[in-house]
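Chain by chain, the residues run as shown.
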Amino acid sequence: MSREDLSTAAADFPDPFRLLIRESAESTNDEVRILAQAGAPEGLVLLAEQQTAGRGRRGAAWFSPTGESLAFSILLRPQEPKSLWPRLALATGLAVAEAIGTCGLEAGIKWPNDVWIGQRKAAGILVEAGADFAVIGIGLNVNTNEFPPEVAGIATSLRMEGSRVFSRADVLAAILRKFANRRRQIDADFGTLIFAVRQRCVLSGNRVSLTTACGPRTGIVEGISDGGELLLRTDAGLERLIQADEVRLLPT
Ligand code: BTN
């Protein structure tokens with residue numbers, strides 16, 4: 001899939017999204033933050049064919065081989081109160097999962113930020129907020145055939161799951177179409193968004209371990225609250241988690 005195909009697909013992006021392609025960037029999230037601070041408008045989508053310092057959450061490196069995956073960041077200037085911005089991660093994960101669905105594959109949401117196919121991670125999302133903007137970074141393994149040993153056991157791609165090559169341009173356009181809808185639902189229509197997230201939540205009913213700002217936890221996931229929190233039943237009672245890291249499924 002060439003740069004021309006990506007540019008052609010960009011002509012059909014919903015408002016306000018406009019594509020900027022870089023052959024190489026350290027991290028698209030960092031580049032978009034710099035552009036945002038310089039006044040770039042909402043809707044900028046910066047895609048890098050290669051990231052030399054792509055970042056995941058907690059400072060982990062993000063592997064995105066040139067031309068095989070999608071690595072891009074979206075600039076938003078949300079009008080919603082900042083307390084609602086964490087919901088953008090759920091809207092994004094849902095949009096990515098729905099876009100994967102348009103490719104004929106079934107994707108789930110591993111709250112809060114990952115998109116899984118089966119029991120493996122196909123996409124990761126990194127939302128970073130500035131004073132008056134948010135940067136939504138998305139890394140999706142589209143045609144990746146081989147992963148480095150450290151993630152080979154937990155990562156997958158559309159190609160590995162679908163046994164064919166997918167058009168990155170079509171997948172990108174589908175993500176932005178789905179995201180344009182879901183992004184509007186983080187305030188008044190959040191019930192609709194959460195209903196759809198619950199349908200795809202891969203953690204519900206499962207025993208998990210995770211880390212919170214208050215320390216590690218182990219428990220059974222009872223679901224996702226109306227506010228988007230993870231409902232975790234631990235020996236100490238029911239906890240409502242706004243954010244967590246290192247979420248791992250445990251054998252039941
Ligand atoms: C995670 O799962 O830990 C989040 C991964 C986010 C990766 C994307 S790729 C595009 C954007 N630029 C980055 O440096 N990171 C995000």
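Please read these numbers as outputs of a predicted model, since none were measured by experiment.

## A few points about the sheet that holds strand β3 (residues 70-76)
Consideration 1: Taken in spatial order, the seven strands make up an open sheet running β1-β2-β3-β7-β6-β5-β4, and their pairing is mixed. Because the sheet does not close on itself, it has two edges, and the strands there are β1 (18-25) and β4 (108-110). Averaged over all pairs of adjacent strands, the angle between their axes in this sheet comes to 20°, without regard to strand direction.
Consideration 2: Two elements, strand β6 (residues 120-129) and strand β7 (residues 134-140), share seven bridges in a ladder whose sense is antiparallel. Across the sheet, the residue bridging to glycine 124 is glycine 139, located in β7.
Consideration 3: The strands touched by helix α6 (residues 168-183) are β1, β2 (44-51), β3 and β7; relative to β3, the strand with the most contacts, the crossing angle is about 30°.

## Quick notes on the sheet that holds strand β10 (residues 230-234)
Consideration 1: The strand order β11-β10-β9-β8-β12 describes an open sheet built from five strands, whose pairing is antiparallel. The sheet is open, and its two borders are formed by β11 (237-241) and β12 (245-249), each paired with just one other strand. With direction set aside, neighbouring strand axes in the sheet form an average angle of 40°.
Consideration 2: With three bridges connecting them, strand β8 (residues 207-212) and β12 associate as antiparallel partners. Within β12, the position partnered with serine 209 by the bridge is arginine 248.

## Some thoughts on the pairing of β8
Consideration 1: The pairing of β8 with strand β9 (residues 215-224) spans six bridges and is antiparallel. Bridging across to β9, valine 208 finds its partner in glycine 219.
Consideration 2: In sequence, β8 turns back onto β9 through a hairpin of two residues.

## Focus on the site of the ligand
Consideration 1: Not every one of the 20 residues close to the ligand is listed here, only the nearest: Ser27, Gln51, Arg55, Arg57 and Lys121.
Consideration 2: Measuring from a nitrogen atom of the ligand, one finds a backbone N or O atom of arginine 55 at 2.6 Å.
Consideration 3: Burial of the ligand by the protein chains amounts to 97% of its free accessible area of 420 Å².
Consideration 4: Put simply, the parts of the chain that give the shell around the ligand at least two residues each are α2 (28-37), β3, β6 and β7.
Consideration 5: The dominant element in the shell around the ligand, judged by the number of residues it contributes, is β6, at four residues.
Consideration 6: For the shell around the ligand, the class distribution of residues is six nonpolar, ten polar and four charged.

Calculation criteria
Residues numbered from 1 in each chain as written. Predicted model: local features only at pLDDT ≥ 70, side-chain atom pairs only at ≥ 80, totals over all residues. Heavy atoms only, no water. Pairing = 2+ DSSP bridges. Helix = DSSP H or I, 4+ residues; strand = E, 2+ residues; numbered from the N terminus. Axes fitted to C-alpha atoms, helices over the stretch in contact; angles between N-to-C directions. Contact = heavy atoms within 4.5 Å. Near = heavy atom within 4 Å. Polar contact = N/O pair within 3.5 Å; in protein donor to acceptor, adjacent residues only side chain to side chain. Areas by Shrake-Rupley, 256 points an atom, 1.4 Å probe, with all protein chains shown as cover. Nonpolar A, V, L, I, M, F, W, Y, C, P; charged D, E, K, R; others polar.

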